[in-house]
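Overview (structure and organization)
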Amino acid sequence: MSKVDKRVVITGAAGTLGLAVAKAFVADGATVALLDRVDESKTPTKAFGAPHFYIGSLDLADAAQTQRAMDEVAKRLGGIDVLVNIAGGFRWETLSEGKPDTWDQLYTINLKTTVCACKAVLTGLSPQRGRIINIGAAAAAKAGAGMGAYTASKAGVAKLTEALAEELKDKGINVNAVLPSIIDTPVNREIGRASCRERV
């Protein structure tokens, strides 16, 4: 898929992966709208400049907020060609030592944000050429110790992707998931060190 002249929405755009994906799209000629819960003053996204723009302080797990943001993007860009759902998070925690609340938290930030963004984009997504790309996780195929809540939420992203692909295929809209393994970020390195300490 050529990224030239594409109008792209990226959720979780203030994070390490979100910024990298945004830079790749911009380098290839796309216009990007960057969405995240982080206030713009606390991110490096200003470097993109016009016509790209950032919408911050956004709760992507809130359907109404997400719909308003997506409608604003569609209005400002004249439509949307691609949605990339990167918003999410990770936590290593065993069931025996952890809390049920962790399952709610990871469901919310990994799956519900994706559900809300996918639903919200449908009104502005270009028919016959629209694309939705969800970031899942390779670990969802086989969970290890301490990975239950995370992989359950990411397995939900995989099944959402499959179902939505079937739902939208007759409209010419493609829905796919990318399933990375561990991405080397400062946050993931710290989580890895913490989980190792807990297992020692």
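**Focus on the sheet that holds strand β3 (residues 53–55)**
- Strands sit in the order β3-β2-β1-β4-β5-β6 across an open sheet of 6 strands; the sheet is parallel. Among the strands making up the open sheet, the edge pair consists of β3 and β6 (174–178). Taking each pair of neighbouring strands and ignoring which way they run, the sheet shows an average axis angle of 15°.
- When strand β2 (residues 31–35) meets β3, the two strands line up parallel, connected through 3 bridges. Bridge assignment links L35 to a residue of β3, and that residue is I55.

**Some details on the nonpolar core**
- Counting residues in hydrophobic clusters, the biggest one holds 25 residues, and the most contacted among them are V9, L35, M70, V73, I80 and I132.
- Where this core is concerned, the elements lending two or more residues are β2, β3, α2 (63–77), α3 (100–121) and α4 (148–168).
- Among the elements that take part in this core, α2 stands out by supplying 5 residues, more than any other.
- Every residue in contact with V73, bar those within four places of it in the chain, is listed here: V9, A33, L35, F53, I55, G78 and I80.
- Grouped together as the second largest cluster of nonpolar side chains are 18 residues, A14, L19, V82 and I135 included.

**Some remarks on the pattern of salt bridges**
- Scanning the model with the defined rule gives 6 salt bridges in all.
- Among the ionic pairs, R91 bridges to E93, the shortest N-O distance being 3.1 Å.
- Judged by its relative accessible area of 38%, R91 is partly exposed.
- Across the pair E166 and K169 runs a salt bridge, and its minimum N-O distance is 2.9 Å.
- Of the residues examined, K169 reaches a relative accessible area of 48% and is grouped as partly exposed.
- One connected set of salt bridges, linked through shared partners, spans R7, D81 and R129.

**What about unusual backbone geometry?**
- Looking along the chain, the bond that leaves A50 and enters P51 is cis, with omega of 5°.
- For P51, the position within the fold is in the loop between β2 and β3.
- Notably, S57 is not glycine yet its phi reads approximately 55°, a positive angle.
- Structurally, S57 is set in the loop between β3 and α2.
- Of note, the phi angle at Q128 is positive, near 70°, even though the residue is not glycine.
- Within the fold, Q128 resides in the loop between α3 and β5 (131–135).
- The exposure class assigned to Q128 is exposed, which follows from its relative accessible area of 57%.

**Some details on the pairing of strand β4 (residues 82–85)**
- The alternating pattern of β4 places V82 and V84 on one face and L83 and N85 on the opposite face, and all of these are buried.
- Where strand β1 (residues 7–11) meets β4, 4 bridges bridge the pair, whose relative direction is parallel. Paired with I10 across the two strands is V84, which belongs to β4.
- Looking at chain direction, β4 and β5 are connected through 4 bridges and run parallel. Bridge pairing in β5 links V82 to R131.

About the criteria used
Here the residue index of a chain counts from 1 through its sequence in written order. Local features in a predicted model are, by the rule used here, given only for residues with pLDDT of at least 70; side-chain atom pairs are given and counted only at 80 or more, and totals for whole chains, interfaces and linings are based on all residues. Think of the side-chain values as coming from all heavy atoms in the structure, minus any hydrogens and water. Here, strands pair whenever DSSP counts at least two bridges between them. Here a strand is any run of E in DSSP of at least two residues, a helix any run of H or I of at least four, and the numbering for each starts at the N terminus. Lines are fitted to the C-alpha atoms to define the axes, a helix being fitted only along its stretch in contact, and any angle between axes, read from their N-to-C directions, falls within 0 to 180 degrees. Remark: nonpolar core denotes a set of buried residues (Ala, Val, Leu, Ile, Met, Phe, Trp, Tyr, Cys) joined through side-chain atoms within 4.5 Å. Accessible area is worked out with a 1.4 Å probe on protein chains only. A residue is then buried under 20% of its type maximum, exposed over 50%, and partly exposed in between. Two residues form a contact once any of their heavy atoms are found within 4.5 Å. Salt bridge, as applied in this entry: a Lys or Arg side-chain nitrogen positioned within 4 Å of an Asp or Glu carboxyl oxygen.

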